[in-house]
Amino acid sequence: MIDPKLFRTDPDKVKWAVQAKGVEVDVDAIVALEEARRDCLYQVEQRRARKKEISKQIGAAIGQARKEGRDLTPEQAQAGFQHEQDALDTEIADLEAQLAEAEAAFEQRLLYVPNLPADDTPPGLTEAENVEMLAWREPGRFLFEPKPHWELGVDLGIIDFEAAVRMSGSQFVLTKGLGALMERALIAFMLDLHTRHHGYLEINPPFMTLDKCLIGSGQLPKFEEDLYRLREGPYLIPTAEVPLTSLHLGEIIDADRLPLCYTAYTPCFRSEAGSAGKETRGMIRVHQFHKVELMKFCKPEDERAELMKLVDDAEAVLKALNLPFRRMRLCAGEMSFSAAEAYDLEVWMPGMGKYVEISSCSRFTDYQARRLNTRYREGQGDKPRFVSTMNGSGLACGRTFAAILENYQQEDGSVIIPEALRPHMGGASHILPG
RNA sequence: GGAGAGAUGACCGAGUGGUCGAAGGUGCGCGCCUGGAGAGCGCGUAUGGUCGCAAGGCCAUCGCGGGUUCGAAUCCCGCUCUCUCCGCCA
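Residues numbered from 1 in each chain as written. Chains lettered and ligands numbered in written order. Predicted model: local features only at pLDDT ≥ 70, side-chain atom pairs only at ≥ 80, totals over all residues. Heavy atoms only, no water.

1. Concerning the environment of Glu45
Applicable threshold: Elements are defined by DSSP. Helices are runs of H or I of four residues or more, strands are runs of E of two residues or more, and each kind is numbered from the N terminus. The buried label applies to any residue whose accessible area, calculated with a 1.4 Å probe on protein chains only, is under 20% of its type's maximum; exposed applies above 50%, and partly exposed to all values in between.
Tracing the chain through its elements places Glu45 in helix α3 (residues 27-67). For Glu45, a relative accessible area of 44% corresponds to the partly exposed category. Along the sequence, Glu45 and Ile92 sit 47 residues apart, while their C-alpha atoms lie 8.8 Å from each other.

Given below as structure tokens:
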């Protein structure tokens, strides 16, 4: 969440942010709730202070009497205060109810307020306003008509949509043979790259998570319908971002440990509500896919630089696989709810004839850290401050798999295996039809 | 799933109704001492909220949520988690 104080100190900035992201939030109503909350709090605290004072006096009187050897029962000590205490009790009970209501309403609304975009975020609400930062490698020229990956994969016998749909329903996919091996190789390759060369620590987290973590990273309460929930229990993770971001829930981290860089492979489960019929061909949009995620905790002042390094780390995978891509800076409205600054990497898909998102890298300022209460301490005696969090795909494996098929296809329908993956595939160099 | 034990500050650990936000220790910071280091000595060391220009005041927090009481770390109820034993299991 954003700093609740902003509603008092700079409500216009919040209004600007909400509008920039194209979100419907009544900021004035939240400001009013916050004021009501504070007013109640003051009233309650004043009465509680008086109550405590009386109790202390009673305690002191009893103690004093005991010291002097007099006999003073608690009832006698309390006698003169009874009336005032009763009055206070009634008032406090009443005010506390009001306070709880105001607080709950305020906090509830706060969860629906998105993060503030960075000041230099390109304005806009749609994909068309995203800004291309760089393009790496021209899309390859083909002397034949390149096929989309769903045709290639099926023809090569390494993807089986029908079997997956039969056993699990629409928008599931299954790989087999060299296809399954290549997916596994991609995971291993990406993890090796990030751990050995980019300094990330590998994490193998649970694939189920509690709602507090989903609230922490910003998926809940707003995007409940996108998630799979186990019967009355935890949810299946929609991305490794959730467990990774929750790694230091409630902790205060020593500053000299920062930045903390983590990478994790996990499957991702998404209901993709509302996307039925949209781009459903192939393995681009499915309910379950593999992803290697990158995630960092750092100090606020390092956040921007760390994000750019993280984007580089994600791009390194595409470069190592020699896949043409471009880097897009997302406009305000295209960024996720919790993000302040975001870049998408889009890989060229010759068979589909377009760029497809394969990584999304965002930084979240203290938005997630505030919800998860993850802080750091600069030095002994310093106040803890919220850490900055960021993450990015490095990369989505299914889409990378599809991109390899499409970019490495040959006229005879075979696919060359990228050099970088061969050590992970027992040295295989081609996937041949038949 | 069954039985038992436990959860206190960065850490260890005291505290079973009354100035307890919490003894003592460790760690850490500052100072003294020293040629220097160590030892020793002194002082200081939670978080959040709220009011205040500030100094500081006030409120909350001893796993979480309720209750009893004028007053709860301490008593009662529910929950969560950890540990031990039993059962089951990849």
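From this point, the narrative continues.
2. What about helix α7 (residues 161-168)?
Our working definition: When we speak of the arc, we mean the arc of directions from the helix axis to the C-beta atoms. Contacts are assigned to residue pairs with any non-hydrogen atoms lying within 4.5 Å of each other. Polar contacts, as used here, are pairs of N or O atoms within 3.5 Å; protein pairs need one atom able to donate a hydrogen and one able to accept it. Residues neighboring in sequence count only if both atoms are side-chain atoms.
Within the span of α7, buried status applies to Phe161, Ala163 and Ala164. Relative to the axis of α7, the buried residues are bounded by an arc of 165 degrees and lie together on one face. For α7, exposure combined with an orientation more than 90 degrees from the buried face picks out Glu162 and Arg166. Buried residues along α7 sit against α6 (149-156). You can read the cap of α7 off the contacts: a side-chain oxygen lies 3.2 Å from the backbone nitrogen of Glu162, and it is on Asp160. Of the residues trailing α7, Gly169 is marked for its positive phi of about 100 degrees.

3. Comments concerning the packing of aromatic side chains
To keep things clear, this is the line we draw: Only the six-membered ring of Trp is used, alongside the rings of Phe and Tyr, when aromatic pairs are assigned; centres must lie within 6.5 Å, and planes under 30 degrees apart are stacked while those over 60 apart are edge-to-face, with the rest tilted.
On inspection of all chains with the given rule, the structure shows seven aromatic pairs. Ring geometry for Phe7 against Phe106: centres 6.0 Å apart, planes inclined by 80 degrees, an arrangement best described as edge-to-face. Taken together, the positions of Phe7 in helix α1 (residues 6-9) and Phe106 in helix α5 (residues 82-110) put the pair 99 residues apart, joining distant regions of the chain. Assigned by exposure class, Phe7 and Phe106 land together as buried. Note on Phe142 and Phe144: the rings are 5.4 Å apart at their centroids and 85 degrees apart in plane angle, and the pair reads as edge-to-face. Through successive ring pairs, a cluster of aromatic residues spans Phe223, Phe337 and Tyr367.

4. Topic: helix α8 (residues 178-196)
The periodicity of an α-helix, 3.6 residues per turn, causes residues three or four places apart in sequence to face the same way. The cut-off we apply is this: Expected span of a helix: the number of residues minus one, times 1.5 Å.
With 19 residues, α8 extends 26 Å between its outermost C-alpha atoms, agreeing within 8% with the 27 Å of an ideal straight helix rising 1.5 Å per residue. Listed in full, the buried residues belonging to α8 are Gly179, Leu181, Met182, Glu183, Ala185, Leu186, Ile187, Phe189, Met190, Leu191, Leu193 and His194.

5. Topic: the domain arrangement of chain A
So the rule is basically this: Each domain's extent was defined by an automatic or database domain assignment. What gets called buried area is simply the loss in accessible area from a 1.4 Å probe that two parts show on being joined, summed for both. Throughout this description, the term salt bridge denotes a Lys or Arg side-chain nitrogen within 4 Å of a carboxyl oxygen of Asp or Glu. By the convention adopted, Pro, Cys, Tyr, Trp, Phe, Met, Ile, Leu, Val and Ala count as nonpolar, Lys, Arg, Asp and Glu as charged, and the other residues, Gly among them, as polar.
Annotation of chain A at the domain level lists domain 1 (6-110) and domain 2 (127-431). Here domain 1 and domain 2 have C-alpha centroids that lie 46 Å from each other. Buried area between domain 1 and domain 2, both sides added, is near 410 Å², and the carbon and sulfur share of it is 48%. Of all residues in domain 1, Ala20, Lys21 and Val23 give up the largest surface area on contact with domain 2, accounting jointly for 83% of the area buried on that side. At the junction of domain 1 and domain 2, the tally comes to zero salt bridges. Our count for the domain 1 to domain 2 interface comes out at three residue pairs in polar contact (both at pLDDT 80 or more). A breakdown of the residues in the side of domain 1 that touches domain 2 according to their chemical character gives three nonpolar, no polar and one charged.

6. As for a nonpolar patch on the surface
Rules: Residues enter patches when they are more than 30% accessible in relative terms and free of salt bridges; like-charged ones are connected within 9 Å and nonpolar ones (Val, Leu, Ile, Met, Phe, Trp, Tyr) within 5 Å. With residues, only the protein chains shown are counted as cover, and all accessible areas are computed by Shrake-Rupley using a 1.4 Å probe.
Taken together, the side chains of Val131, Met133 and Leu134 present a nonpolar region at the surface, about 220 Å² in accessible area. Relative to the elements of secondary structure, Leu134 occurs in strand β1 (residues 131-136). Owing to a relative accessible area of 30%, Leu134 belongs among the partly exposed residues under this scheme.

7. Brief notes about the packing of α6 against helix α13 (residues 397-407)
Rules: Axis geometry follows a simple rule: fit a line to the C-alpha atoms, using only the stretch in contact for helices, then measure angles between N-to-C directions, giving values from 0 to 180 degrees. If an angle is under 35 degrees, it is roughly parallel; if it is over 145, roughly antiparallel; if it lies from 65 to 115, roughly perpendicular; otherwise it is oblique.
At their nearest, the axes of α6 and α13 sit 9 Å apart, and the two run at 85 degrees to each other. In terms of orientation, α6 and α13 fall into the roughly perpendicular class. Within the contact between the two elements, α6 uses His149, Leu152 and Gly153 and α13 uses Ala402, Leu405 and Glu406. Class assignment for the residues of the contact of α6 with α13 results in three nonpolar, two polar and one charged.

8. Details of the pairing of strand β10 (residues 354-363)
Stated precisely, the cut-off is as follows: When DSSP finds two or more bridges between two strands, those strands count as paired.
In terms of strand pairing, strand β9 (residues 341-349) meets β10 through nine bridges, oriented antiparallel. Bridging across to β10, Asp344 finds its partner in Ser360. With antiparallel pairing between neighbouring strands as the criterion, β9 and β10 make up a hairpin whose turn holds four residues, including Gly353 at a positive phi of roughly 70 degrees. In this structure, β10 lies alongside strand β13 (residues 388-396), joined through three bridges in antiparallel fashion. Each bridged residue has a counterpart across the sheet, and for Arg363 the counterpart in β13 is Met390.

9. A look at the pattern of salt bridges
All chains considered together, the criterion is met by 30 salt bridges. Between Lys15 and Asp28 there is a salt bridge; the shortest N-O distance is 3.0 Å. A residue pair is termed long-range when its members are at least 10 positions apart, and Lys15 in helix α2 (residues 11-20) and Asp28 in helix α3 qualify at 13 residues. By relative accessible area, Lys15 is classed as partly exposed at 31%. Two residues, Arg304 and Glu341, come together in a salt bridge whose shortest N-O distance is 2.9 Å. In this pair, Arg304 sits in helix α11 (residues 303-320) while Glu341 sits in strand β9, placing the two residues 37 residues apart along the sequence.

10. Some details on the sheet that holds strand β11 (residues 375-377)
Taken in spatial order, the three strands line up as β5-β11-β12 in an open sheet, and their pairing is mixed. The open sheet terminates on both sides in strands that have one partner only, identified here as β5 (252-254) and β12 (385-386). Bridge count between β5 and β11: three bridges; the pairing is parallel. Within the sheet, the bridge partner assigned to Asp254 lies in β11 and is Arg377.

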